[in-house]
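Coordinate inspection notes
What follows is the residue order along each chain.
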Amino acid sequence: MSPEAQETAKNDPLCGASVYERIYAIICQIPPGWVATYGQIAGIEGHCTPRMVGYALAALNAEGVPWQRVINSAGRVSERSGGGGTATQRLRLMEEGVQFSRGGRIDFESYGWSGPDWEWIRMHGMYAVPAPGQRG
DNA sequence: CACGTGACAACTC
DNA sequence: AGAGTTGCCACGT
């Protein structure tokens, strides 16, 4: 590891953090009015599966993490064991200006998050992944 | 579009 | 210390 990388790691609060903590940190990077998928978060983290992202969110009991901005690859909010949270999720997204199309789907071409800044990615040793539904 | 299949950290005894 | 339980998915066919 280069000295520069060591310095970066020393300043990284995520260094040594659990997988869940890193997942939460990525989700905190999603700006209001944008959405990301479970697979996208997993790809950015680099060492976990999309399902792990769902597990992490299920275990989440903290304010300050915009969990409502994480949806499934179909562009829909996932049904959960609790059941009631999905309505809250849709409401909070609508309050952020996210439009739901017919059938309760979100258009990735309009609201799909393209990932964190490159320097944030480099700073935390994560990975850049293409946004879902992005035209290229 | 509706299936079946793949794969895993954190928490609690 | 270690086994068991718990959990908001993506992709290919």
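The following refers to the structure shown. Only a predicted model underlies this, so the values are computations on that prediction, with no experimental measurement involved.

1. Examining the protein's contact with DNA strand C
Lining the immediate surroundings of DNA strand C are 15 residues, of which Y38, R51, Y55, A58 and S81 lie closest. A share of 51% is what sugar and phosphate atoms reach among the atoms of DNA strand C within 4 Å of the protein. G39 is positioned such that a nitrogen or oxygen atom in its backbone is 3.4 Å from a phosphate oxygen of DNA strand C. Interatomic distance of 2.2 Å between a side-chain N/O atom of R51 and a base nitrogen of DNA strand C. Breaking the surface near DNA strand C down by element, the ones donating at least two residues are helix 3 (38-45) and helix 4 (50-58). No other element matches the 5 residues that helix 4 contributes to the surface near DNA strand C. Within the surface near DNA strand C, the residues separate by chemical class into 5 nonpolar, 7 polar and 3 charged.

2. Some words on the pattern of salt bridges
One pass over the structure, following the stated rule, counts 2 salt bridges. The shortest N-O distance in the salt bridge between E45 and R22 comes to 2.2 Å. Taken together, the positions of E45 in helix 3 and R22 in helix 2 (residues 19-27) put the pair 23 residues apart, joining distant regions of the chain. For the pair shown, E45 and R22 are each scored as buried. Note that R69 and E96 form a salt bridge whose closest N and O atoms lie 2.7 Å from each other. On the criterion of sequence distance, the pair formed by R69 in the loop between helix 4 and strand 2 (70-71) and E96 in the loop between helix 5 (85-95) and strand 3 (100-101) is long-range, its members being 27 residues apart. What makes R69 buried here is its relative accessible area of 9%.

Parameters at a glance
- Residues numbered from 1 in each chain as written.
- Chains lettered and ligands numbered in written order.
- Predicted model: local features only at pLDDT ≥ 70, side-chain atom pairs only at ≥ 80, totals over all residues.
- Heavy atoms only, no water.
- Near = heavy atom within 4 Å.
- Polar contact = N/O pair within 3.5 Å; in protein donor to acceptor, adjacent residues only side chain to side chain.
- Helix = DSSP H or I, 4+ residues; strand = E, 2+ residues; numbered from the N terminus.
- Nonpolar A, V, L, I, M, F, W, Y, C, P; charged D, E, K, R; others polar.
- Salt bridge = Lys/Arg side-chain N within 4 Å of Asp/Glu carboxyl O.
- Buried < 20%, exposed > 50% of the residue type's maximum accessible area, 1.4 Å probe, protein only.

By themselves, these are just geometric observations and shouldn't be taken as functional.
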